[in-house]
Amino acid sequence: METRDGLPGVSLVPTDFKARQEKMSAQDGCLSLIKYLLFVFNLFFFVLGSLIFCFGIWILIDKTSFVSFVGLSFMPLQIWSKALAISGILTMGLALLGCVGALKEFRCLLGLYFGTLLLLFATQITLGILISTQWVQLERKVKDVVQKTIQNYRAHPEETAAEESWDYVQFQLRCCGWNSPQDWFHIPSLKRNESEVPHVPCSCYNSSATNDSAIFDMISFPQFSRLGSPAPPRHNADICVVPANSYIYREGCEWSLQKWLHNNLISIVGICLGVGLLELSFMALSIFLCRNLDHIYDRLARYR
């Protein structure tokens, strides 16, 4: 028996075959690791999406408890609950594609999973570019929406979602009006005939500045229940107001929002980068697994 050099000796064919077998075993082990890694990560996000969906449905079913706990009224809370439910469904659907595609090695599902992630990543990049380049126009648009909400405050009792949401923003950010509390001074629905003192919504009230129980009695809405125990409203049309010369927040919400963004900018950027890197990692794993499935199928076909 001759070697490849034409010299007598032991044949190298078994050694080459063994080397190829070891190489294929290493490739199979790498692909198996990627497959189960992709499956486990997507299983985690499927469970997370299920929890988000259930939480959104729970809010819809038990709105009364969340109104008093979160401090948000019915309409905004209903909007947020639907948004959570939809986000949960989308997360579950995307994770299900990754789980089944990776575990069952379906190229079509892996390709659809990769395409969906790519579309989501491109959308996020586009939104980021638009926000950074159109920041001035976006700020002007937000200002117009807020000022319109203030001008029409409680003018249409059946349409109060935006107004209640703005009340919640003022309450949480500890601010009043967009520029200053004076934005509220000429709102018809807040004027009181018995007093010439301007009034502002109860969401402007600075509860940490005083323990005046007389002011607490005026705060009757569930979304402000953390300021004190609820009491029957003193004013008509169920509008909770406090005098502008009382203990209210003197800072406008424009400055409070800018300060909040400045203080949380690193966290926001870090979260966005983390989500983007996670999506890129999943895309890389899915496309790598999808492309290398051809080699596995070809090898199986040869052995058959």
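As shown above, the structure is provided for reference.
Only a predicted model underlies this, so the values are computations on that prediction, with no experimental measurement involved.

A. Looking closely at the nonpolar core. Trp 166, Trp 184, Leu 190 and Val 200 are the most contacted members of the largest nonpolar core, which has 22 residues in total. In contact with Leu 190, other than residues within four places in its own chain, are Tyr 153, Trp 184, His 199, Val 200, Pro 201, Ile 239 and Val 241. Residues Leu 31, Ile 34, Ala 102 and Phe 282 belong to the second largest nonpolar core, which totals 17 residues.

B. Broad picture of the state of the cysteines. What the rule picks out here adds up to 3 disulfides. The side chain of Cys 175 participates in a disulfide bridge whose partner is Cys 253; the two sulfur atoms lie 1.9 Å from each other. What sets the handedness of the Cys 175 and Cys 253 disulfide is the S-S torsion sign, and at about 90° it is right-handed. Taken together, the residues span a long stretch of sequence, with Cys 175 in the loop between helix H6 (161-173) and strand E1 (199-201) and Cys 253 in helix H8 (residues 253-263) at a distance of 78 residues. When its relative accessible area of 0% is taken as the criterion, Cys 175 is described as buried. A sulfur-sulfur distance of 2.0 Å marks the disulfide that ties Cys 202 to Cys 240. Torsion about the S-S bond of the Cys 202 and Cys 240 cystine: about -80°, corresponding to left-handed handedness. One end of the pair, Cys 202, is in the loop between E1 and helix H7 (213-216); the other, Cys 240, is in the loop between H7 and strand E2 (241-243), and 38 residues separate them in sequence. Judged by its relative accessible area of 3%, Cys 240 is buried. Here the bonded cysteines of the protein chain are numbered in sequence order, and their pairing is 1-6, 2-4, 3-5.

C. View of the packing of aromatic side chains. Counted under the stated rule, the structure contains 6 aromatic pairs. Plain terms: the ring middles of Phe 41 and Phe 282 are 5.7 Å apart, the flat faces sit at 50° to each other, and that makes the pair tilted. Of this pair, Phe 41 sits in helix H1 (residues 13-61) while Phe 282 sits in helix H9 (residues 265-303), placing them 241 residues apart in sequence. For Phe 41, a relative accessible area of 36% puts it in the partly exposed group. A residue is classified by how much of its surface remains accessible, and Phe 282, at 7% relative accessible area, is buried. Summarising the aromatic geometry, the rings of Tyr 153 and Trp 184 are spaced 4.9 Å apart at their centres and angled 80° between planes, so their arrangement reads as edge-to-face. Residue Tyr 153 is located in the loop between helix H5 (135-151) and H6, and its partner Trp 184 is located in the loop between H6 and E1; the two are separated by 31 residues in the primary sequence. Across this residue pair, the class does not change: Tyr 153 and Trp 184 are buried.

D. Region of the structure containing the layout of surface pockets. Of the voids in this model, the largest pocket is the one considered here, and its volume is about 1200 Å³. Looking at the largest pocket, it is lined by 38 residues, and the ones nearest its centre are Gln 124, Cys 272, Val 275, Gly 276 and Glu 279. The dominant element in the lining of the largest pocket, judged by the number of residues it contributes, is H9, at 12 residues. Class assignment for the residues of the lining of the largest pocket results in 27 nonpolar, 10 polar and 1 charged. In this structure, the second largest pocket spans a volume of roughly 420 Å³. As for the second largest pocket, its lining consists of 14 residues, and the residues nearest its centre are Trp 135, Val 142, Trp 178, Leu 257 and Leu 261. For the lining of the second largest pocket, the secondary-structure elements that each account for two or more residues are H5, H6 and H8. Grouping the amino acids of the lining of the second largest pocket by side-chain chemistry returns 11 nonpolar, 1 polar and 2 charged.

Conventions we followed
Residues numbered from 1 in each chain as written. Predicted model: local features only at pLDDT ≥ 70, side-chain atom pairs only at ≥ 80, totals over all residues. Heavy atoms only, no water. Core = buried A, V, L, I, M, F, W, Y, C linked by side-chain atoms within 4.5 Å. Buried < 20%, exposed > 50% of the residue type's maximum accessible area, 1.4 Å probe, protein only. Contact = heavy atoms within 4.5 Å. Disulfide = S-S within 2.5 Å. Helix = DSSP H or I, 4+ residues; strand = E, 2+ residues; numbered from the N terminus. Phe/Tyr/Trp six-rings, centres within 6.5 Å; stacked < 30°, edge-to-face > 60°. 1 Å grid on protein atoms, 1.4 Å probe; cavity = no way out; pocket = protein on both sides within 12 Å on 5 of 7 lines; lining within 4 Å. Points joined across faces, edges and corners; volume = space filled by probe spheres on them. Nonpolar A, V, L, I, M, F, W, Y, C, P; charged D, E, K, R; others polar.

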